[in-house]
Amino acid sequence: MATTLRQRPAALNLTDTANARIADLMARAPEEAIGVKLSTPKRGCSGLAYSVDYVTEAKPFDEKIETPGGTLYVDGGSILYLVGSTMNWVEGDFTAGFVFDNPNAKGACGCGESFTV
């Protein structure tokens, strides 16, 4: 019996606007950048925050997501907090930024900077 492999779904879903923003970031990235990386450092009053930065090297346990505009890496230590989330880019009159719909978040601080799982 032959083994059939199926493609593993991405741990994180990106909207079209998030993909476009990653493409924009990569078009202006420092020469040594290989992509952008999403992580969830301990910060804020609720515990964890979302952070997106340029990355120059992939770590062994990072999740690699190929997008139309470049590579998104998700920190290996953060992936369990993000599985099933949707990453969006939203621009308003006075703010712009990545917004996350995270089914794993159990709460968030009032300012929206951090979340708990």
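Report follows, based on the coordinates.

What counts and what doesn't
Residues numbered from 1 in each chain as written. Predicted model: local features only at pLDDT ≥ 70, side-chain atom pairs only at ≥ 80, totals over all residues. Heavy atoms only, no water. Helix = DSSP H or I, 4+ residues; strand = E, 2+ residues; numbered from the N terminus. Expected span 1.5 Å × (residues − 1). Buried < 20%, exposed > 50% of the residue type's maximum accessible area, 1.4 Å probe, protein only. Arc of directions from axis to C-beta. Pairing = 2+ DSSP bridges. Axes fitted to C-alpha atoms, helices over the stretch in contact; angles between N-to-C directions. Contact = heavy atoms within 4.5 Å.

1. Re helix α1 (residues 16-27)
Right, so step 1: Here α1 spans 17 Å end to end across 12 residues, near enough to the 16 Å set by a 1.5 Å rise per residue.
Right, so step 2: Within α1, the full set of buried residues consists of A18, N19, I22 and L25. Summarising the axial view, the buried residues of α1 lie within an arc of 120°, below the 170-degree limit, and thus occupy one face. In α1, the exposed positions that point more than 90 degrees away from the buried face belong to D16 and A27.

2. Things to note about the sheet that holds strand β6 (residues 63-67)
Pairing between the strands of a sheet comes from backbone hydrogen bonds, and it takes one of two forms, parallel or antiparallel.
Right, so step 1: If you walk across this open sheet you meet the 4 strands as β5-β2-β7-β6, and the pairing is mixed. Bordering the open sheet on either side are β5 (51-55) and β6, each of which pairs with just one other strand. Ignoring strand direction, the axes of neighbouring strands in this sheet form an average angle of 25°.
Right, so step 2: Two strands pair when backbone bridges link them, and strand β2 (residues 35-39) and strand β7 (residues 70-74) are joined in this way by 3 bridges, in the parallel orientation. Each residue of the ladder has a partner; that of V36, found in β7, is L72.
Right, so step 3: Along the sheet face, α1 touches β2, β5, β6 and β7 and points at about 125° away from the line of β2.

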